[in-house]
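A closer look at the structure
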Amino acid sequence: MLFLSLHLIIPLFFLNTETTISRLNRCVRTALPKGLKTAWWLIKITVPVSFGVMLLDYFGILNLIAQHTGPFFKLLGLPGVSAIVLITSIFTNIYSVVAILAMLNLPVREGIILATMCLVSHGFLIETAVMKRTGSSPVRMLLLRIAGSFAVAWMLNMAMPGHISNHEFLVPAHLESFSAAFLHWFYSISSTVIKILILVNVLLIFQQIMEEFGWIGLIDKPLSPLMKIFGLPQSATLSWVVANLIGLAYGSAIMIDQTEKGKMSREDADLLNHHVSVSHSQLEDPLLFLTLGYTLHWLIWPRVLVAIAAVWLRKAGLKLKNNRKVLPG
């Protein structure tokens, strides 16, 4: 009897295994062309933008801009050098911000406020290109992120205990040669390109597997109440998860693919962009600042609150616009 049962079960097991393997192979074959296409699109933006930033930094143009914007930061109680930190983040990434803050050795309170501003406003050019492709106005996204960064600074300045110090901090002079600056950029961008190629393709393959085996519902249902609080449609759940786990630049592959497949409309993607433009990469990026002794929760909740406000204000604006269209005359 046992032999008969095994005789029937074992072929069935291998049949199911073979079917699963063929389905996984199909997922890889489907996802890879799209992954390589999206990765190439990101690389075409990332490489020239990062090279331009390296030139701006080397020739002191970033510092020159910061000298004119520094007084505005003092209105928030932040030292004038804050302008250099924020402008660097706008044109580069969070790793650069961590390096500058470590070099400046600011008091923890100022450092946390600046770090949170930079978590909102970093990688403008690349991430704005992603949001434009998924249905949002690039001008609106830029303005939202600038306004959002100052909103979180205001919130933290009001909520955090202690006071801003009056001490002014200076950025050390840039002394390295052009060849050294170029080599540093080359090694950095090479690492970034490799990350893009790997992460984008892995994410799209993973998404295709989730769709093939019907696992997306396992994410949608538990997060549905949270999406309602955020004012986001359920179709945006997967893209929201990816954007918060690994950020906009690397997670753009999922967002673009969801819109191109019609699984997330451009209107829904626009609402999602209003959220994730302010609040994204809530895992990796804040953890980087732990090396500077910053408290994690201050880096997270202000961005979430401003992101929620941004989505609901956008929805209210769209509703008002639609109501005006239906009014007679």
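Here, every reference points to the structure presented above.
Attention here is on the structure that accompanies the text. (Residues numbered from 1 in each chain as written. Predicted model: local features only at pLDDT ≥ 70, side-chain atom pairs only at ≥ 80, totals over all residues. Heavy atoms only, no water.)

Structural notes on the nonpolar core
Ranked by internal contacts, the top residues of the largest apolar core, which has 57 residues, are Val85, Leu101, Met117, Leu232, Trp240, Leu272 and Phe289. Ranked by residues supplied to this core, first place goes to helix α5 (residues 108-120) with 8 residues. With residues near it in sequence (within four places) discarded, Leu272 still touches Leu232, Ala236, Ser239, Trp240, Met255 and Met264. Ranked by size, the runner-up nonpolar core spans 28 residues in total, among them Trp41, Leu42, Ile45 and Leu238. (Core = buried A, V, L, I, M, F, W, Y, C linked by side-chain atoms within 4.5 Å. Buried < 20%, exposed > 50% of the residue type's maximum accessible area, 1.4 Å probe, protein only. Helix = DSSP H or I, 4+ residues; strand = E, 2+ residues; numbered from the N terminus. Contact = heavy atoms within 4.5 Å.)

With respect to the pattern of salt bridges
This model, assessed by the stated rule, comprises 5 salt bridges. Here Lys261 makes a salt bridge to Asp257, at a shortest N to O gap of 3.2 Å. According to the relative accessible area criterion, Asp257 is buried, its value standing at 4%. We note a salt bridge from Arg314 to Asp270, for which the minimum N-O separation is 3.0 Å. Placement of the pair is Arg314 in helix α14 (residues 301-326) and Asp270 in helix α12 (residues 266-276), with a sequence separation of 44 residues. Assigned by exposure class, Arg314 and Asp270 land together as buried. Look at the salt bridges and you will find they share partners, linking Lys34, Asp257 and Lys261 into a network. (Salt bridge = Lys/Arg side-chain N within 4 Å of Asp/Glu carboxyl O.)

With respect to the packing of aromatic side chains
Per the counting criterion, the structure on display carries 11 aromatic pairs. A centroid spacing of 5.1 Å and a plane angle of 85° characterise the contact between Tyr58 and Phe59, whose relative ring orientation is edge-to-face. Residue Phe59 is classed as exposed on the basis of its relative accessible area, which comes to 57%. Seen in terms of ring centroids, Phe182 and Trp185 are 5.5 Å apart; in terms of plane orientation they differ by 40°. Their pairing is tilted. Of this pair, Phe182 and Trp185 both sit in helix α8 (residues 178-212), 3 residues apart, roughly one helical turn. Among the residues examined, Phe182 registers a relative accessible area of 32% and is labelled partly exposed. The exposure class assigned to Trp185 is buried, which follows from its relative accessible area of 12%. Taken together, Phe51, Phe182, Trp185, Phe186 and Tyr187 form an aromatic cluster joined through their ring pairs. Lying across the ring of Phe213, Arg23 places its NZ or CZ 4.2 Å from the centre. For Lys315, the ring lying beneath its charged end belongs to Trp312, and the centroid distance is 4.6 Å. (Phe/Tyr/Trp six-rings, centres within 6.5 Å; stacked < 30°, edge-to-face > 60°. Lys NZ or Arg CZ within 6 Å of the ring centre and 35° of its normal.)

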